[in-house]
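Overview (structure and organization)
Read off the chains here:
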Amino acid sequence: MLDFLSRPFDQVAQEPFAEPPDLLTQILLGLRLDGVEYGRCVLHPPWAIAFPAQRSARFHFVGHGGAWLRTPGTDWQRLNPGDAVLLPHGSFHVLASSPDVPPVDIDSLARKAVSENIYLVDGRDANNAYLGAAVAPPPPQAPDVMFCGALRFNLDPLHPLMAMMPEVMMAGDLARRDTTVPVLLDAMEREVEQDRMGACAILARLADALAASIIRAWVECSCNSPTGWIAAVRCPRIGKVIAAIHAEPERDWNVPLLADLMGASRSSFSESFTRTMGESPARYVAKVKMSQARRWIGRDGMRVAVAANRLGYESEASFSRAYKRIIGQPPSTARVG
């Protein structure tokens, strides 16, 4: 039986309730990464694979051997066994056994399904030829073993936390901040080494947990900045305003109402909000509204007219103009994909 059930009611009633978690904690607690697909790749050098840009995040873990990583505008980075990298925006990048190997597109490689959304890749193309080899048998050099995944965040790409994330997150750089990261990396490395039944499925679940831990460690590293979204939600006064906007995006938020919520004058509120966030309150409210609209339309199948009405727009046309101004595309495109 729960402890509070065994005590007198008046004693329980006098005890203070725990403070609800702040907005940032709520978001981190609710952060989910849905696996789109995962692959265990056994690649025989020389090899190089290009991963095109996509909406879903990319994740790579080196089990055996190693790889070189390059994204546009950066130098090659070496990945060693046990290293992992998360590309939260799904940016174009290349993995290679050596920087001088010409890459082929990941979609050109043959794959063998293991179970739903989990597959094996052995580095052969549609002609049954290994990358960098003129004949089918692989070169004698030991293969590199990679675990690669495409993951989908439950946060809208327009969400400030997503917008702040860098193009590349190296697990090793964040391991010092979160003891969970090296533990998960060790567990993944053991799964690859033992190559037991069901290893791909277990690796997929570990990848979900590792990606979430990488993001949490990155957030904790970013909390020292005096400006930006994380700093704003950590501020007791501005954070209360941001939490209210996210809790009720359909409400007709305006400067007087938000200033009153913060307990400040309109000018003081606007100045503090803009200085910390880097954008005006009106712009931020509009982005939150359109992020919510995109989820309603794309995820829930809500009609555009209904979304416009719920968010307080006088007409579908005015909503569509605002949506396109913020998102860059008309609301009808939210249903695509």
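Here we summarise the structure given alongside this text. (Residues numbered from 1 in each chain as written. Predicted model: local features only at pLDDT ≥ 70, side-chain atom pairs only at ≥ 80, totals over all residues. Heavy atoms only, no water.)

So, on to unusual backbone geometry. Look at the link from Pro-45 to Pro-46: it is a cis peptide, with omega at 0°. Structurally, the position occupied by Pro-46 is in the loop between strand 1 (33–43) and strand 2 (48–51). (Helix = DSSP H or I, 4+ residues; strand = E, 2+ residues; numbered from the N terminus.)

Taken as a whole, the largest pocket encloses approximately 990 Å³ of empty space. Lining the largest pocket are 29 residues, and of these Arg-55, Arg-152, Phe-153, Asp-156 and Pro-157 sit closest to its centre. Counting only elements with at least two residues in the lining of the largest pocket, the list comes to strand 1, strand 11 (144–153), helix 11 (281–300) and helix 13 (316–327). Element by element, the count of residues in the lining of the largest pocket is highest for helix 11, at four residues. Here the lining of the largest pocket is composed, by residue class, of 13 nonpolar, eight polar and eight charged. There is about 370 Å³ of room inside the second largest pocket. Forming the walls of the second largest pocket are 18 residues, and the residues nearest its centre are Ile-27, Leu-155, His-159, His-246 and Arg-295. Within the residue set of the lining of the second largest pocket, elements represented by two or more residues are helix 2 (23–30) and helix 11. For the lining of the second largest pocket, the leading source of residues is helix 11, giving five residues. Tallied by class, residues from the lining of the second largest pocket come to eight nonpolar, seven polar and three charged. (1 Å grid on protein atoms, 1.4 Å probe; cavity = no way out; pocket = protein on both sides within 12 Å on 5 of 7 lines; lining within 4 Å. Points joined across faces, edges and corners; volume = space filled by probe spheres on them. Nonpolar A, V, L, I, M, F, W, Y, C, P; charged D, E, K, R; others polar.)

A word on the pairing of strand 2. Alternating residues of strand 2 divide into Ala-48 and Ala-50 and Ile-49 and Phe-51, and every residue in both groups is buried. Pairing of strand 2 with strand 7 (residues 93–96), which is carried by four bridges, proceeds in the antiparallel orientation. When the sheet's bridge partners are listed, Ile-49 is paired in strand 7 with Leu-95. Relative to strand 8 (residues 104–105), strand 2 runs parallel, the two being bridged by two bridges. If you follow Ala-50 over to strand 8, its bridge partner there is Asp-105. (Buried < 20%, exposed > 50% of the residue type's maximum accessible area, 1.4 Å probe, protein only. Pairing = 2+ DSSP bridges.)

Right, let's talk about the state of the cysteines for a bit. This structure, assessed with the given rule, holds zero disulfides. Cysteine Cys-148 remains unbridged, with the sulfur of Cys-41 as its closest cysteine sulfur at 4.1 Å. Taking the relative accessible area as the measure of exposure, Cys-148 reaches 7% and is therefore buried. (Disulfide = S-S within 2.5 Å.)

This brings us to the nonpolar core. Counting 61 residues, the largest nonpolar core has Phe-59, Trp-229 and Ile-242 as the members making the most contacts within it. Excluding residues within four positions of it along the chain, Phe-59 makes contact with Ala-84, Val-85, Leu-86, Phe-147, Cys-148, Gly-149, Leu-151, Met-188, Ala-207 and Leu-210. Among the nonpolar cores identified, the runner-up in size contains 19 residues, and Trp-47, Ile-106, Met-146 and Cys-148 belong to it. (Core = buried A, V, L, I, M, F, W, Y, C linked by side-chain atoms within 4.5 Å. Contact = heavy atoms within 4.5 Å.)

Pairing is mixed in the open sheet, where five strands are placed in the order 5-4-7-2-8. Every interior strand has two partners, whereas the edge strands, strand 5 (77–79) and strand 8, have only one.

Structurally, Ala-163 can be placed in helix 3 (residues 160–164). Taking the C-alpha atoms as reference points, Ala-163 and His-89, separated by 74 residues in sequence, lie 8.8 Å from one another.

Going through the model one piece at a time under the given rule, you end up with five salt bridges. In this structure, the salt-bridge partner of Arg-111 is Glu-37, at a minimum N-O distance of 3.4 Å. Of this pair, Arg-111 sits in the loop between strand 8 and strand 9 (112–115) while Glu-37 sits in strand 1, placing them 74 residues apart in sequence. A relative accessible area of 38% means that Arg-111 is categorised as partly exposed. Here Glu-37 falls in the partly exposed class, since its relative accessible area comes to 25%. The closest approach of N and O atoms between Arg-251 and Glu-248, which form a salt bridge, is 3.6 Å. By relative accessible area, Arg-251 is classed as partly exposed at 36%. (Salt bridge = Lys/Arg side-chain N within 4 Å of Asp/Glu carboxyl O.)

Describing an aromatic ring pair means giving the distance of the ring centres and the angle of the ring planes. The final tally for this structure, using the stated rule, is five aromatic pairs. For the pair Tyr-38 and Phe-147, a centre-to-centre distance of 5.8 Å together with 15° between the ring planes defines the contact as stacked. Pair noted here: Tyr-38 is in strand 1 and Phe-147 is in strand 11, with a separation of 109 residues, a long-range link. Phe-147 matches Tyr-38 in its accessibility class, with the two residues each being buried. Ring geometry for Phe-269 and Phe-273: centres 5.7 Å apart, planes at 50°, overall tilted. Of this pair, Phe-269 and Phe-273 both sit in helix 10 (residues 266–277), four residues apart, roughly one helical turn. Overall, the relative accessible area of 0% leaves Phe-273 in the buried class. (Phe/Tyr/Trp six-rings, centres within 6.5 Å; stacked < 30°, edge-to-face > 60°.)

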